[in-house]
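Next come the chains, spelled out residue by residue.
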Amino acid sequence: MALPVTIDTNAPANTDSPEQGDNKIREIKQQMVDLLGLPTAAQAYLLLNLQNGKQGIRNFVANASFETWAAGATSAPTGWTLSGTGATIARSTDEFHGTYAAEVTNGVGNQGEIQFNCLTQAGGTSYIRNRTFTLIAWVKTSTAARVNTNLNDGVSAGSSASHSGGGTYEVLLATRTCDAAATALTARLITTAGAAITATWDAIAIVEGGAATAFGGSYTGPEVVGLQIAVYADAEA
């Protein structure tokens, strides 16, 4: 989902008051929501680095938009692990962002999932312990109450609500304050046991902070993005 952006480097100096600036930021964000046709719940994810003076939020997930499939189009994307008896995965062009998405089908009667442990990217156990992180994932499926996410620290986990089954992309959020003995920071993208169904995942992020507070600055992957008007641009490592 690409969005053309033109930045006028010759624009006059800003003479707005702080209140006028805040109003303009709100107006711009609402215009972006309207333009992209996103649900109201996604407004926080139009990540402009214009709010609260913040200069970036790092996504700790590598290959976050499933653009790299070094082992082939029917093996887990690079950096990710597929698990579950009979579970299969395929590279899909039914993407939310970028070029590809990950299409996961569980085995009949079994749970299926893909996982990414970003402990190293997040700075190791000494950093994550007692800190709060939020997992954000976009997914589509046509079956209700079977597809959800889980952010696991090796001791316990925070889980998201389930997809509605409406057949369109929805954003799922899971927040976890890591245990003092945490050993992992793993995104789990889950289809629970039952009949075989397909869930298409894209644009995954783990960021530091709770769901209500994590999104005040610009989205960044390994590189800092000065002005990002997009939803979960790639975070390739």
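Residues numbered from 1 in each chain as written. Predicted model: local features only at pLDDT ≥ 70, side-chain atom pairs only at ≥ 80, totals over all residues. Heavy atoms only, no water.

### Remarks on the overall build of the chain
Item 1. A tally of regular secondary structure across the chain gives two helices and twelve strands.
Item 2. Start at the N end of the chain and walk to the C end: the helices and strands fall as α-β-β-β-β-β-α-β-β-β-β-β-β-β.
Item 3. Here the chain, with 237 residues, has 46% of them falling under the buried criterion.
Item 4. When contacts within the chain are restricted to residue pairs at least 6 apart in sequence, those whose partners lie at least 24 apart make up 72%.
Item 5. When the accessible surface of the chain is summed, it comes to about 10,800 Å², and 50% of that surface belongs to carbon and sulfur atoms. (Helix = DSSP H or I, 4+ residues; strand = E, 2+ residues; numbered from the N terminus. Buried < 20%, exposed > 50% of the residue type's maximum accessible area, 1.4 Å probe, protein only. Contact = heavy atoms within 4.5 Å. Areas by Shrake-Rupley, 256 points an atom, 1.4 Å probe, with all protein chains shown as cover.)

### Remarks on the side chain of Asn63
Item 1. Along the polypeptide, Asn63 turns up in the loop between β1 (57-58) and β2 (81-83).
Item 2. When its relative accessible area of 3% is taken as the criterion, Asn63 is described as buried.
Item 3. From its side chain, Asn63 meets the backbone nitrogen of Glu67 in a polar contact 3.0 Å long. (Polar contact = N/O pair within 3.5 Å; in protein donor to acceptor, adjacent residues only side chain to side chain.)

### Structural notes on the nonpolar core
Item 1. With 34 residues, the main nonpolar core has Phe66, Ile114, Leu185, Trp201 and Ile206 as its most contacted residues.
Item 2. Broken down by secondary-structure element, the contributors of at least two residues to this core are β4 (101-105), β5 (112-117), β6 (132-140), β7 (147-152), β9 (170-177), β10 (186-191) and β11 (198-208).
Item 3. Setting aside chain neighbours within four positions, we find Ile206 in contact with Arg58, Asn59, Phe60, Val61, Cys118, Phe133, Thr134, Leu135, Leu151, Leu185 and Ala187.
Item 4. Within the second largest apolar cluster, nine residues are counted, among which are Trp138, Val171, Ala203 and Ala205. (Core = buried A, V, L, I, M, F, W, Y, C linked by side-chain atoms within 4.5 Å.)

### Focus: the pattern of salt bridges
Item 1. Under the criterion given, the structure shown has four salt bridges.
Item 2. In this structure, Lys140 and Asp94 form a salt bridge, with 3.1 Å as the shortest nitrogen-oxygen distance. Here Lys140 is found in strand β6, whereas its partner Asp94 is found in the loop between β3 (88-92) and β4, with 46 residues between them in sequence.
Item 3. Taking relative accessible area as the criterion, Asp94 reaches 34% and is therefore assigned partly exposed.
Item 4. Between Glu208 and Arg131 there is a salt bridge, with the nearest N and O atoms lying 3.0 Å from each other. Of this pair, Glu208 sits in strand β11 while Arg131 sits in the loop between α2 (125-128) and β6; the two residues are 77 residues apart in sequence, bridging distant segments of the chain.
Item 5. Judged by its relative accessible area of 29%, Glu208 falls in the partly exposed class.
Item 6. Judged by its relative accessible area of 33%, Arg131 falls in the partly exposed class. (Salt bridge = Lys/Arg side-chain N within 4 Å of Asp/Glu carboxyl O.)

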